[in-house]
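Working through the structure, step by step
Next come the chains, spelled out residue by residue.
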Amino acid sequence: MKRIRIGTRKSRLACIQAELLADYIETHCEGYEAELVKVMTTGDRILTKRLEEIGGKGLFVKELDTCLMEGQTDLSVHSLKDMPMDISPKLPIIGFSKREDARDVLVLPQGAAEYDGRAPIGCSSNRRTLQVKKLYPDAEVKTIRGNVLTRLEKLDSGEYGGLILAAAGLIRLGLAGRISRYFTVREMIPAAGQGILCVQGRAGEDYGFLQGFFDEEARECAAAERAYMEYLNGGCSLPIGVYAEILDEKWMRVRGLYYNHETGDYGKMSVSGERFEAEKLGVLLAKELKCQVDLM
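Anyway, here's the lowdown on the structure attached to this text. Note that the coordinates shown come from a computational prediction; the quantities given were computed from them, not determined experimentally.

The rules behind these values
- Residues numbered from 1 in each chain as written.
- Predicted model: local features only at pLDDT ≥ 70, side-chain atom pairs only at ≥ 80, totals over all residues.
- Heavy atoms only, no water.
- Helix = DSSP H or I, 4+ residues; strand = E, 2+ residues; numbered from the N terminus.
- Rg over C-alpha atoms; globule rule 2.2 N^0.38 Å.
- Contact = heavy atoms within 4.5 Å.
- Areas by Shrake-Rupley, 256 points an atom, 1.4 Å probe, with all protein chains shown as cover.
- Lys, Arg positive; Asp, Glu negative; His and termini not counted.
- Charge placed at Lys NZ, Arg CZ, Asp CG, Glu CD.
- Polar contact = N/O pair within 3.5 Å; in protein donor to acceptor, adjacent residues only side chain to side chain.
- Phe/Tyr/Trp six-rings, centres within 6.5 Å; stacked < 30°, edge-to-face > 60°.
- Buried < 20%, exposed > 50% of the residue type's maximum accessible area, 1.4 Å probe, protein only.
- Pairing = 2+ DSSP bridges.
- Axes fitted to C-alpha atoms, helices over the stretch in contact; angles between N-to-C directions.
- Expected span 1.5 Å × (residues − 1).
- Salt bridge = Lys/Arg side-chain N within 4 Å of Asp/Glu carboxyl O.
- Core = buried A, V, L, I, M, F, W, Y, C linked by side-chain atoms within 4.5 Å.

**What about the overall build of the protein?**
Along its length, the protein carries nine helices and 13 strands. In terms of C-alpha radius of gyration, the protein reaches 19 Å, essentially the compact-globule figure of 19 Å for 296 residues. Summarising the internal contacts of the protein: among those between residues at least 6 apart in sequence, 69% fall at separations of at least 24. Only carbon and sulfur atoms are counted for the fraction: they give 47% of the accessible area of the protein, which is about 14000 Å². Measuring between centres, the 41 positive side-chain charges of the protein sit 4 Å from its 44 negative side-chain charges.

Structure representation (structure tokens):
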């Protein structure tokens, strides 16, 4: 029996996400067994500052990369939206999970029927902040960090009047009942990769036994979204969002949000095209939307 050690962050959500892969290995991969290796990352330790102030998304993967590189783990499972664009060729992404609901949602304090405006709305990114101010123009928007359960505690204690969170995380935690409103992808364009898990391995190793876990539609959507972000050099500090969706066997649509930090102008746009050109579609959208906003 070969043991596969799966690196994951220590949060409950991260462990649940890693267990999806572990369960697949235990159930479908004869001759293999899975073990979670829980790692505390810098991004999880520093919760008093915005991510862009302390180094960005890479702080959620650095320690996991070290474990993988040094042979302490065999795989890592990440939320794709937490993955930086610059990935070492020695530690490639080897596949993507089927996508969970990619939408952002509003969560209200327990017992509340609607947002009353008396306490701020908590957001964890500039992307969400920009779009929620359009949806709730009179609301105060305040930064919030910490895992999902910590944020919910702050909400229910009265520190916040609402939270903007990812539907995927709440669903995986079994907390879909806390969702008060789902925002359409027109209202609030998600973060690149939201709802998709990626599996990272070591170059040169055989991971063929995992092919049944990976999803082709998620791979195509991820390709379009990450190409869009890479063209715009989009990090967590810029209010940039992108969402790709498969329309049918041949076509896909990609929606984007772009913000010009020098002028304060921003816009949204979508393009459609053939799925086999996913990366080209992402770049095309980035070029056209950037040109449109920069000319405002």
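**Some thoughts on the environment of D65**
In this fold, D65 is placed in helix α4 (residues 62-69). Each C-alpha atom, one on D65 and one on Q200, is 8.8 Å from the other, the two residues being 135 residues apart in sequence. A distance of 3.4 Å separates a polar atom in the side chain of D65 from a polar atom in the side chain of Q200.

**Describing the packing of aromatic side chains**
Tallied over the full model, the rule gives four aromatic pairs. Here the aromatic rings of Y24 and F213 are separated by 5.7 Å at their centres, their planes lie at 55°, and the arrangement is tilted. Here F213 lies in the loop between β10 (197-200) and α8 (216-231) and Y24 lies in helix α1 (residues 12-28), a separation of 189 residues in the sequence. Residue Y24 shares its accessibility class with F213, and that shared class is buried. Where Y32 meets F209, the ring centres are 4.2 Å apart and the plane angle is 15°; that geometry is what we call stacked. Residue Y32 is located in strand β2 (residues 32-39), and its partner F209 is located in the loop between β10 and α8; the two are separated by 177 residues in the primary sequence. Judged by relative accessible area, Y32 falls into the partly exposed class, the value being 22%. Following the ring pairs from residue to residue traces out a cluster consisting of Y24, F213 and F214.

**Comments concerning the sheet that holds strand β12 (residues 251-259)**
In any sheet, the strands associate via hydrogen bonds between backbone groups, in a parallel or an antiparallel arrangement. Reading across from one edge, β11-β12-β13 is the order of the three strands in this open sheet, with antiparallel pairing throughout. Since the sheet does not close on itself, it has two edges, and those belong to β11 (241-246) and β13 (266-274), each with one partner. For this sheet, the mean angle separating the axes of adjacent strands, direction not counted, is 15°. Pairing of β12 with β13 involves nine bridges; the strand directions are antiparallel. Its bridge partner being in β13, V254 is matched across the sheet by V271. Against the sheet, α8 engages β11 and β12, with an angle of about 150° to β11. Strand contacts of helix α9 (residues 278-294): β12 and β13, with the helix running at about 150° to β13, the strand carrying the most contacts.

**Observations regarding α8**
Its 16 residues place the ends of α8 23 Å apart at the C-alpha level, agreeing with the 22 Å of an ideal helix rising 1.5 Å per residue. Among the residues of α8, A218, E220, C221, A222, A223, A224, E225, R226, A227, Y228 and M229 are the ones counted as buried. Following α8 by one or two positions, N233 adopts a phi angle in the positive range, close to 55°.

**Some points on the pattern of salt bridges**
Side chains that carry opposite charge are capable of pairing whenever their charged atoms lie near each other. This model, assessed by the stated rule, comprises 21 salt bridges. In this structure, E220 engages R275 in a salt bridge whose closest nitrogen and oxygen atoms are separated by 2.7 Å. You can see E220 sitting in helix α8 and its partner R275 sitting in the loop between β13 and α9, a full 55 residues away along the chain. The two residues E220 and R275 agree in class, both being buried. In this structure, E277 and K280 form a salt bridge, with 3.9 Å as the shortest nitrogen-oxygen distance. Look at the salt bridges and you will find they share partners, linking R5, D74, R202 and E205 into a network.

**A look at the nonpolar core**
Nonpolar side chains tend toward joint burial in soluble globular proteins. Ranked by internal contacts, the top residues of the largest apolar core, which has 21 residues, are Y228, M252, V254 and Y258. Counting only elements with at least two residues in this core, the list comes to α8, β11, β12, β13 and α9. Sorting elements by how many residues they give to this core places α9 first, with six residues. The next biggest cluster of nonpolar side chains, apart from the first, holds 18 residues, and it includes A18, Y24, I25 and F214.

By themselves, these are just geometric observations and shouldn't be taken as functional.
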